[in-house]
Amino acid sequence: MSKPELSSSQPGASNNTTAGKPSTSVVSRASNLVHNVWDFIRPQPWVINNIRQKKSQKLLFRSWLPGWGALILMLPGNSLRTIGTLGYFGMLFSVFIPPMFPVQIYLVIVVQSLLGLLVGWGIGSAAMKAALAVRSQVLIEATLQKAPNNFQGSVNPDQVYKAEVFKVTFWMLGQSSVMFGVFMGFGAMIFALIRAKSAPFLFFSIFGTIVLDIFCSIGPLYPFPNYKIVNSILISSSSYCAMALVCCFVFFPETVNHAYLGLISTVLGKVEAMLSSQEGLLSPKPGDFAPGCPKLKALTGARVILMTMYQNLAGLTVHLQSEFSIGRWSGDDVFGLADPVLAVVARINGLLSFAKHLRDLPSPPEAFADMPAPGTVSSDTHLLHHVFNPDITRESILKVTLIEALPHVRNATAELRAATIEGVAATRAMIDAINNDRLFSRSGPIAPLEERLDAASDKLRATLKSFKEQGTDAILGAYAHKPRADIPLRSLYIGYVFSSTAVIIGEVVLSFVQTVAETTARRRRVRLWAPSSLRHVVHALLKGRRKNEEQAFGEEESNETYVDEDDVQEMEYREYLDPDSHPPTNIFQKFMNLLHHFLQWVKTAEAIFVFRYVLITILLWLPSVVKNSAHFFYVNKGIWALIMAQTILTVYAGDQLYNYLIRIVGTFLGLITALVIWYIGNGSGNGSPYGLAASYAVLSLPVMFIRLFAPPKYLQGVILGCITVTLIIGFSWIDGHLPVISDPGIGWNAAWRRWTLVMIGCGASFIIMMLPPKSGRKAVRLRAAASIDALSHVYTSLISAWITESDEGKGASFASSSWVKAFRDRLIAVTLQIQTGKQQMMLASWEGGIRGRWPQEEYVKLTEVQEDMIGVLAQLGGALWKLDTKWRLSLLHHTKVVDPNFISDIVSVFSSVSQSLRTGEPMHTVLPQTLLDRLLLHHQTGVIATGELDGHREIGPDEIQSLDHMFYTSAVIAVYQLMQCLDELQAITRRLCGEVPLRGFEKWKFLHKSRRGTRQNTLSRTGTIVEREPLITNEKSGEEGEA
């Protein structure tokens, strides 16, 4: 019997109509999968951008050509026999150090790399000399009588050194192998120390280690002196370096001068974009600035990109005055732009501080609950009450809400923002023209650009003057009358924050424009410029840094902070005492003191890394001198397992685990690429020179492109993948065209052996890493403690500049004070330090949760709060820079920002948080958990009357709408934001490290606060007590007790 059909009105009808359709969740998951796959396979922005840019195309050609030339040198038989069995080292150099740098920097890298080869060769030769000295001369003579007469001093020992070398009659004495081991351990220790302590000598350490490994692995097989074992490496490497240097000088040569100006242009482009985005900030819509909103995230991301650009820019600064260059501007001229660029980058941080005010208004702090609404503006606490405890109802009635007031701020600053953007654009256009005016290239006419630059300078100067005279009047348009303290002033004060930031940025941009205009007027023609002095050349050699290349090989950036002359003077007066002993007074005590410091250093992460490095070197080297394994080790290229283990070893476990993943993936992709290149060019034969040259020429282009332009976080795997390509092709070609004992095979056979060696090296380094593992999580915590301590020094430097200004300096411009540049340098240094901490945090997350879940989200929040403090300190420093002397003194007397007790509170919180993170010990619960309470306490108990401001303490309507009050407001709000950030840092630290409880403290604190609030003490201006109630009340009898 059939079932009756359901009508559309019945409950089950809809189920039948949708039975054949997928559910919404299924469609959503499928859509997400498609989007994820597309995001994975679509070309990344770094690929598209570099393909389109002519500069990247030139760099690709310049880097690809010498690498292809290194392969060409191996193809002819005579050339291959001259280069030898390690001739693939030229190709290896082409991916290690392609000519992607300016000429001078690349020349330094080449010299360091070749010097590393020579030092490794020298240590290996000394090892052979010592090994021969301990061997039996009788055994040597007997061995030489049986050996071929033509193999002494051969460049290619593999061609003449027969398999008899592995027989017992040719085996060396144990003493000689021990000597090789001693020298190899010593050399490994030296190169590991250089790698850990001196990042500029990274390539020196890497290539020195490789040559030492090869020499000490093959050297014990020789019963006679042969110091030319690594001749093949030296010939092939020097040949490639010669070709690369020729390409650097001939094909699209670039100086540091040119690269630096190009980076400045890029930085200015990002600054221009950030300034243009302020129009969106001043036209907010509901939800635009909620936590995690796109606008705020985009602004934060832009600042990170800007700081990364500046970091690359700062790395080139040291080389500017130490090179020969051809152009309009000398190295000294370009070096003169460093400070103006630093000023612009530092002040741009204040924009993010303003954006924080546009978030949804949080609940007002409890500390304001006991404070009545201010009827006057006589102190900073009254101002803060307006901003952070607003009367929303009255704002709406009076139509002075933030949404309604921001259009007035936008209109008031429109001309100033436009003039600032035009100044940046005109400066960028001029720098581009100067940078393109070189020996073989000419830019367009300079005169129109000079006119544009002068016009932009005049307009910006006039606009700044006009805004300082009338800008605050336009901002006050929302109030339609002079503002009074008895109406809501939150919108006005937040508008003042943005306006003060706009003025400060305009000032530093004007200074930059003027510097460029003066330099352009002074340099009218192209000429050859020489280094300023030999001292600059030496400084560039010893201090030059290449951050991306260091990170590519797992190097940890040293925890450096800015140190200026004031710091040095401070260190001279600061006492560093050893609580366990007084300073040494005689030679014996000094020696024991040095020994003590050495033993302390042995416990550090660097010393443990050096110990591991030496240990893994000796353990993986031993098979090459053991009778039963030497032949297997030599034939299967076991030396590359040793080299792999050394290069992948890092200080922290998280870094190394990340290295494993990225390098194994890179090796696998390199294997596939190498097999494709080999079999397309050679088929199933031993190798066709024409086919291999053609296939490598075409397919090595994308390989080199990825090597040059891949993001730094992938660079470790990219480099190892490129090395794998060169090794497999080099092994295959040499195995098919030279008679060798070590037979790695051709094509696939070489590929699987390479994969096996990589996995052996990774496995060995993993075992060593676990003895014992050094967690990167502790390093993240210590780096956070260091950056918080550095922020405290930035804060104290501002306060020191504030309170130590002498009375004699009242007539001088506060902007001319020496603290300004030091403050900017400190701020940028801390910002870069925090950025490095974020990268280390990502690596530490790879350690997993073996001992328990790592609270990464707390450390992320800790970093975000520190980034907020960067913007706050930039805002505070800018306000201090522009404050008039009278207003600065009024700020000194009318607020509690510089109250000695409040300064002590802030520094104490900084110190407590940093110390707790550094030691991992809990914070005490009795420490103040909110600094606002402390500020209000100082306000209530330490009001100081002063007549510095127009003879009275109250700031009236005329003062409120003055330009100086705008900077005053910006400074006070910045201090309050700093307090909020410190409270948040303290709360996060308490969650991470815990608290030391004090039983009954919270109850007593509440009781004490409530009873204190009932007191009716009224202080007159002279400080006399008008009325007083007893402190203690007998609750049972209702009688009053005595205090």
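Residues numbered from 1 in each chain as written. Predicted model: local features only at pLDDT ≥ 70, side-chain atom pairs only at ≥ 80, totals over all residues. Heavy atoms only, no water.

(A) Representation of the overall build of the protein within the structure. Along its length, the protein carries 43 helices and 4 strands. Split into buried and exposed, the 1043 residues of the protein put 52% on the buried side. Long-range contacts, defined here as pairs at least 24 residues apart, represent 83% of the contacts in the protein between residues at least 6 apart. Carbon and sulfur atoms form 60% of the exposed surface of the protein, whose accessible area is close to 47800 Å². (Helix = DSSP H or I, 4+ residues; strand = E, 2+ residues; numbered from the N terminus. Buried < 20%, exposed > 50% of the residue type's maximum accessible area, 1.4 Å probe, protein only. Contact = heavy atoms within 4.5 Å. Areas by Shrake-Rupley, 256 points an atom, 1.4 Å probe, with all protein chains shown as cover.)

(B) Spatial organisation of the packing of helix 31 (residues 653-682) against helix 36 (residues 819-844). One way to put it is that helix 31 packs onto helix 36 with a least axis distance of 7 Å and a crossing angle of 70°. Taken together, the axes of helix 31 and helix 36 are roughly perpendicular relative to one another. The segment helix 31 lies against helix 36, with G654, D655 and Y658 engaging M842, L843 and A844. Residues of the contact of helix 31 with helix 36, tallied by class, amount to 4 nonpolar, 1 polar and 1 charged. (Axes fitted to C-alpha atoms, helices over the stretch in contact; angles between N-to-C directions. Parallel < 35°, antiparallel > 145°, perpendicular 65-115°, else oblique. Nonpolar A, V, L, I, M, F, W, Y, C, P; charged D, E, K, R; others polar.)

(C) Spatial organisation of a nonpolar patch on the surface. Residues L661, V665, F668, L669, I672, V676, I680, M842 and W846 make up a contiguous nonpolar surface patch of roughly 800 Å² in combined accessible area. It is helix 31 that provides the largest number of residues to the nonpolar patch, a total of 7 residues. A relative accessible area of 45% places F668 in the partly exposed class. (Patch = residues over 30% accessible without salt bridge, like charges linked within 9 Å, V, L, I, M, F, W, Y side chains within 5 Å. Salt bridge = Lys/Arg side-chain N within 4 Å of Asp/Glu carboxyl O.)

(D) Geometry of helix 34 (residues 748-769). Between the first and last C-alpha of helix 34 there are 31 Å, a value that for 22 residues agrees with the 32 Å anticipated at 1.5 Å per step. The set of residues buried in helix 34 consists of A750, A751, R754, L757, V758, G761, C762, A764, S765, I768 and M769. The arc that holds every buried residue of helix 34, seen down its axis, measures 165°, which confines them to one face. Exposed side of helix 34, more than 90 degrees from the buried face: W748 and I767 are the residues found there. Tucked inside the fold, the buried residues of helix 34 contact helix 28 (605-621), helix 30 (639-648), helix 31 and helix 33 (715-737). (Expected span 1.5 Å × (residues − 1). Arc of directions from axis to C-beta.)

(E) Representation of the nonpolar core. Counting residues in each nonpolar core, the largest one holds 252 residues, and the members touching the most others are F89, I264 and W640. Among residues more than four places away in sequence, those in contact with F89 are I210, I214, I233, S236, S237 and W640. (Core = buried A, V, L, I, M, F, W, Y, C linked by side-chain atoms within 4.5 Å.)

(F) Local environment of the pattern of salt bridges. In the structure shown here, the tally under the stated rule is 15 salt bridges. The partner of D333 in a salt bridge is R522, with the nearest N and O atoms 3.2 Å apart. Taken together, the residues D333 in helix 16 (residues 331-335) and R522 in helix 23 (residues 490-522) connect sequence positions 189 residues apart. For D333, a relative accessible area of 7% translates into the label buried. A salt bridge links E450 to R524; its shortest N-O distance comes to 2.6 Å. Residue E450 is found in helix 22 (residues 447-475), and its partner R524 is found in the loop between helix 23 and strand 2 (527-529); the two are separated by 74 residues along the sequence. The buried category is assigned to E450, whose relative accessible area is 17%. In this structure R524 comes out as partly exposed when scored by relative accessible area, which is 48%. Counted as one network, the salt bridges with shared partners bring together E279, R410 and R417.

(G) Unusual backbone geometry, seen in detail. Positive phi, close to 50°, is recorded for F252, a residue that is not glycine. Mapped onto the fold, F252 is located in the loop between helix 12 (231-250) and helix 13 (256-276). For F252, a relative accessible area of 37% puts it in the partly exposed group. Despite not being glycine, K637 has its phi angle at roughly 55°, a positive value. Inspection of the secondary structure puts K637 in the loop between helix 29 (630-635) and helix 30.

(H) Representation of the packing of aromatic side chains in the model. Evaluation of the coordinates by the stated rule reveals 20 aromatic pairs. Aromatic pair F668 and W755: ring centres 6.2 Å apart, planes at 75°, arrangement edge-to-face. Highlighted residues: F668 in helix 31 and W755 in helix 34, separated in sequence by 87 residues. With relative accessibility at 27%, the residue W755 sits in the partly exposed group. Here the guanidinium or amino end of R527 rests over the ring plane of W529, the centre of that ring lying 3.9 Å away. (Phe/Tyr/Trp six-rings, centres within 6.5 Å; stacked < 30°, edge-to-face > 60°. Lys NZ or Arg CZ within 6 Å of the ring centre and 35° of its normal.)

(I) Spatial organisation of the environment of A131. The topology assignment puts A131 in helix 7 (residues 103-133). Remark: the alpha-carbon pair of A131 and F224, spanning 93 residues in sequence, is separated by 9.9 Å. For A131, the residues in contact, after removing those within four places along its chain, are S176, M179 and F180.

(J) Structural context of helix 33. Given a rise of 1.5 Å per residue, 23 residues ought to cover 33 Å, and the 33 Å separating the end C-alpha atoms of helix 33 matches this to within 8%. With 21 of 23 residues buried, helix 33 lies mostly within the body of the structure.

(K) How the structure looks around the state of the cysteines. Taken as a whole and judged by the stated rule, the model has 0 disulfides. Among the cysteines around C247, which has no disulfide bond, C248 carries the closest sulfur, lying 7.6 Å off. (Disulfide = S-S within 2.5 Å.)

(L) Local environment of the packing of helix 28 against helix 34. At a closest axis distance of 10 Å, the pairing of helix 28 and helix 34 adopts a crossing angle of 135°. One element, helix 28, and the other, helix 34, form an angle in the oblique class. By crossing handedness, the relation of helix 28 to helix 34 is classed as right-handed. Along its contact with helix 28, which presents R612, L615, I616, L619 and L620, the element helix 34 presents A764, S765, I768 and M769. (Left-handed = near helix turned anticlockwise from the far one by under 90°.)

(M) Representation of the environment of L115 in the model. Mapping L115 onto the fold places it in helix 7. Take L115: its relative accessible area is 44%, and that puts it in the partly exposed class. Linking L115 and F204, residues 89 residues apart in sequence, is a C-alpha distance of 6.6 Å.

(N) Local environment of the side chain of T420. With respect to the helices, strands and loops of the structure, T420 is situated in helix 21 (residues 402-436). In contact with T420, not counting residues within four places along its chain, are L275, L460, I505, G506 and V509.

(O) Quick peek at the confidence of the model for the protein. For the protein, the mean per-residue pLDDT works out to 76, and 73% of the residues sit at or above 70. Here residues 806-816 is modelled with pLDDT under 50, and outside its nearest four sequence neighbours on either side it reaches 12 contacts, counting other chains as well. (pLDDT = per-residue confidence, 0-100.)

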